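Residue strings, one per chain:
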Amino acid sequence: MLIGSNDATPTEAVPYRAYTYETLQESAQFLLDRIKIKPKIGIICGSGLGSIEQNELCPGSLADSLEDTQCFPYEEIPHFPVSTVQGHKGQMVFGYLRGVPVMCMQGRFHYYEGYPLWKCAMPVRVMKLVGVTHLIATNAAGGLNPTYKVGDIMMVKDHVNMMGFAGNNPLQGPNDDRFGPRFPPMNKAYDRSLLEMGQQVAEEMGILDMVHKGVYTCLGGPNFETVAELKMLRMIGVDAVGMSTVHEVITARHCDLQVFTFSLITNQCVIDYENHDEVNHEEVMDIGKAKQPLLQEYLSRVVTRLSDIINSERNCL
């Protein structure tokens, strides 16, 4: 299979076959030639957040709430893979969220689908080439911290890159300095000022009791974790666990995007052998649907605040 083809079959994980700068420019230019806005904010919608069926109780996904939208199915964008997971609709949406122009990835790509990490994270670089400067990444996660409840929001203050420990990193292979440096630092992966902003939004909404700051980790999936694995993760300080986001954040920081990330806690992780509860993907989707109005309000306020910050920084230049 040729790199950059729109064939839906995932490629084998061979690091040096990653997309080139020129290839991703083609993807970005396809969008630039067709969009009416030039957003500075990119959003990645996670499981249950990106594709919610509309009904009288649920207004639909975040992307459905955008105004004056332009939608581009992934299969139509040159060199894009496709999302194969329930809850991930599979399109790039441009539009206005409360008057703020945004670029919204409605559905992401996962390692467990068979895609190498550099391919899972490639849309982040496309966002950069389109003109995005700030990334908001959302996900569904299992809560390891015993103080977290189902339906809570965890702002990610740091991550543990478990797959990276085994040498699996989206930045493997030859480095192109046009994207970023060979050895990018990650001690400031999650912008502290944006975390403060997220906290302020939670205070304004009166939901401080359900919004936390914590450490996230990504595992390869697609199976959920064993009791022993979860006990180990809790011992090393992980508060929530999922199957995405970390490689996207690494790629974003490599190309100098500022990042704000939060997880919807969709289940409590089972760390007791006497507990016979079993998590499943339908449960993740159900919690996403139930919390959709709250998440939309929270994210909308974050986007409005972030837009004010971006405009203020631009005026200071």
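Notes on the structure in this doc start here. (Residues numbered from 1 in each chain as written. Predicted model: local features only at pLDDT ≥ 70, side-chain atom pairs only at ≥ 80, totals over all residues. Heavy atoms only, no water.)

1. Some thoughts on the environment of Asp177
As for its position among the elements, Asp177 is in the loop between helix 4 (162–165) and helix 5 (192–205). Under the relative-accessibility criterion, Asp177 is labelled exposed at 64%. On a C-alpha basis, the gap between Asp177 and His254 in space is 9.7 Å, while along the polypeptide they are 77 residues apart. Looking at Asp177, its side chain comes within polar contact range of the side chain of Asn175, at 3.0 Å. (Helix = DSSP H or I, 4+ residues; strand = E, 2+ residues; numbered from the N terminus. Buried < 20%, exposed > 50% of the residue type's maximum accessible area, 1.4 Å probe, protein only. Polar contact = N/O pair within 3.5 Å; in protein donor to acceptor, adjacent residues only side chain to side chain.)

2. With respect to the pairing of strand 3 (residues 91–97)
Most of strand 3 sits out of view: six of its seven residues are buried. Sheet topology note: the strand 2 (residues 67–73)/strand 3 ladder contains five bridges and is antiparallel. Bridged to Cys71 within strand 3 is Val93. Sheet topology places strand 3 next to strand 4 (residues 100–106); seven bridges connect them, and they run antiparallel. Of the residues in strand 4, the one forming a bridge with Gly95 is Val102. Joining the antiparallel neighbours strand 3 and strand 4 is a turn of two residues, in which Arg98 adopts a positive phi near 55°. (Pairing = 2+ DSSP bridges.)

3. Quick notes on the side chain of Thr261
Topologically, Thr261 is positioned in strand 9 (residues 258–268). Ignoring any residue separated from it by four or fewer positions in sequence, one finds Thr261 in contact with Ala137, Asn139, Met154, Met155, Val156, Tyr190, Thr245 and Val249. (Contact = heavy atoms within 4.5 Å.)

4. Comments concerning the pairing of strand 6 (residues 153–160)
Taken across its eight residues, strand 6 has six buried, putting it largely inside the fold. Strand direction decides the pairing type here: strand 6 and strand 7 (residues 211–218), joined by seven bridges, are parallel. Note that in strand 7 the partner of Met154 across the bridge is His212.

5. Regarding the layout of surface pockets
The volume enclosed by the largest pocket comes to roughly 480 Å³. If you trace the largest pocket, you find 24 residues lining it, with Gln268, Cys269, Val270, Ile271 and Asp277 closest to the centre. Those elements that provide at least two residues to the lining of the largest pocket are helix 6 (227–235) and strand 9. In terms of residue count, helix 6 provides more of the lining of the largest pocket than any other element does, three residues in total. Among the residues making up the lining of the largest pocket, the classes are represented as eleven nonpolar, seven polar and six charged. Contributing to the lining of the second largest pocket are 22 residues, with Ser47, Phe224, Met243, His281 and Val284 lying nearest its centre. Those elements giving two or more residues to the lining of the second largest pocket turn out to be strand 5 (134–143), strand 8 (240–242), strand 9 and helix 8 (281–290). With four residues, strand 5 is the largest single contributor of residues to the lining of the second largest pocket. Here the residues of the lining of the second largest pocket sort into eleven nonpolar, nine polar and two charged. (1 Å grid on protein atoms, 1.4 Å probe; cavity = no way out; pocket = protein on both sides within 12 Å on 5 of 7 lines; lining within 4 Å. Points joined across faces, edges and corners; volume = space filled by probe spheres on them. Nonpolar A, V, L, I, M, F, W, Y, C, P; charged D, E, K, R; others polar.)

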